[in-house]
Amino acid sequence: MTDSKAALLTVDNVAKSYGARKALDGVSLAISEGEFVALLGPNGAGKSTLFQLLSGLFVADGGHITICGQDIRRSPVKALARIGIVFQQATLDLDLSVERNLMFHARLHGLGGSVARRRVGEELAAQGLVDRRGDRVRDLSGGNRRKVELARAMVHEPRVLLMDEATVGLDPGSRATLLAQVHGLCATRGVGVLWASHLVDEAERADRVVLLHQGRVRAEGTPAELIATVGVDSLAGAFAQLTEGGGRGTPDNPKS
Ligand code: ADP
Ligand code: MG
């Protein structure tokens, strides 16, 4: 590992059960600076469970997680200060303006008034939303709401960005825009990204793909490596083969 590619996030042999159900079973992965890692898995694979552990909402039954070298159990405040997160379910206040949603978040992260205003302005500019800053979130399209969530996730300048099924419900154009924005953050700011999705096409440009199925990492590598390992002609083919037997959930029976 070189200095320029220091691991920003490490997940080491992490396990998490809900009662008798093992949602995660010995999961390990790492993300370096500037790296876009796709966490690809069908519904029920355990993606959101991993995000809940990474965001400190739950504690793993076993294993270790570090963010920028800080163990999330021993130093949760320092560790969590370095992540930005967009959850699967939107968490904006619909009745507040775009700017107030972001200012609230900035203050929670300890940014003072003028710094907070500057950072909020910069992130809204990065998303092309400066002219919408005074609008209520309720009046924004789904695509713009997701952009606001991305801007909010970046306000405190995290080193690691976690995106959980961030494009669900968006039209193809908005999906592509959001994905391109996040790839851009890797390239221009060196942010390490974990992008969870069940959609294979969103993983095609990833630096690496971690394929999660029924709580276990089934394969890991560049898209080309996965395709070669499985001996198929597309990432979709590799995904289908490696998740054969089906996930526990389907789009009609997503998960709890
Ligand atoms: P994904 O995000 O990949 O769709 P989840 O992490 O949501 O997967 O779910 C992984 C497994 O854990 C599924 O079988 C799901 O039903 C189960 N699960 C998730 N959350 C809970 C919970 N709070 N209680 C019980 N089981 C859960
Ligand atoms: Mg999920």
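What you see is a predicted model, and the numbers here were worked out from it, not measured in a lab. (Residues numbered from 1 in each chain as written. Chains lettered and ligands numbered in written order. Predicted model: local features only at pLDDT ≥ 70, side-chain atom pairs only at ≥ 80, totals over all residues. Heavy atoms only, no water.)

### Some points on the environment of M103
Piece 1. As for its position among the elements, M103 is in helix α3 (residues 98–108).
Piece 2. For M103 and G121, which are 18 residues apart along the polypeptide, the C-alpha to C-alpha distance reads 9.8 Å.
Piece 3. Ignoring sequence-local partners within four residues, the contact set of M103 consists of G113, A116, R117 and V120. (Helix = DSSP H or I, 4+ residues; strand = E, 2+ residues; numbered from the N terminus. Contact = heavy atoms within 4.5 Å.)

### Considering the coordination of the magnesium ion (ligand 2)
Piece 1. Looking at the magnesium ion (ligand 2), one finds its protein donor set to be S48 (OG) and Q88 (OE1), positioned 2.1 to 2.3 Å from the metal centre. Taken together, the residues S48 in helix α1 (residues 47–54) and Q88 in the loop between β6 (83–86) and α3 connect sequence positions 40 residues apart.
Piece 2. Exposure remark for Q88: the relative accessible area of 23% places this residue in the partly exposed category. (Donors = N, O, S within 2.8 Å, 3.2 Å for Na, K, Ca; no water. Buried < 20%, exposed > 50% of the residue type's maximum accessible area, 1.4 Å probe, protein only.)

### Some remarks on the domain arrangement of the chain
Piece 1. Domain assignment breaks the chain into domain 1 (1–82 + 164–256) and domain 2 (94–157).
Piece 2. The C-alpha-based centres of domain 1 and domain 2 are spaced at 25 Å.
Piece 3. The partner domain 2 presents twelve residues to the 14 residues of domain 1 that form the contact.
Piece 4. Of the roughly 930 Å² buried where domain 1 meets domain 2, counting both sides, 59% is carbon and sulfur surface.
Piece 5. Among the residues of domain 1 in contact with domain 2, L178, Q181 and R189 are the three that bury the most area, contributing 41% of the side total.
Piece 6. Taking the shortest distance from any N to any O, the salt bridge between E123 and R189 comes out at 2.7 Å.
Piece 7. Linking domain 1 with domain 2 are two residue pairs in polar contact (both at pLDDT 80 or more), by the criterion used here.
Piece 8. Elements represented by at least two residues in the side of domain 1 that touches domain 2 include exactly α2 (76–81) and α6 (172–189). (Domains from an automatic or database assignment. Buried area = accessible area lost by both parts, 1.4 Å probe. Salt bridge = Lys/Arg side-chain N within 4 Å of Asp/Glu carboxyl O. Polar contact = N/O pair within 3.5 Å; in protein donor to acceptor, adjacent residues only side chain to side chain.)

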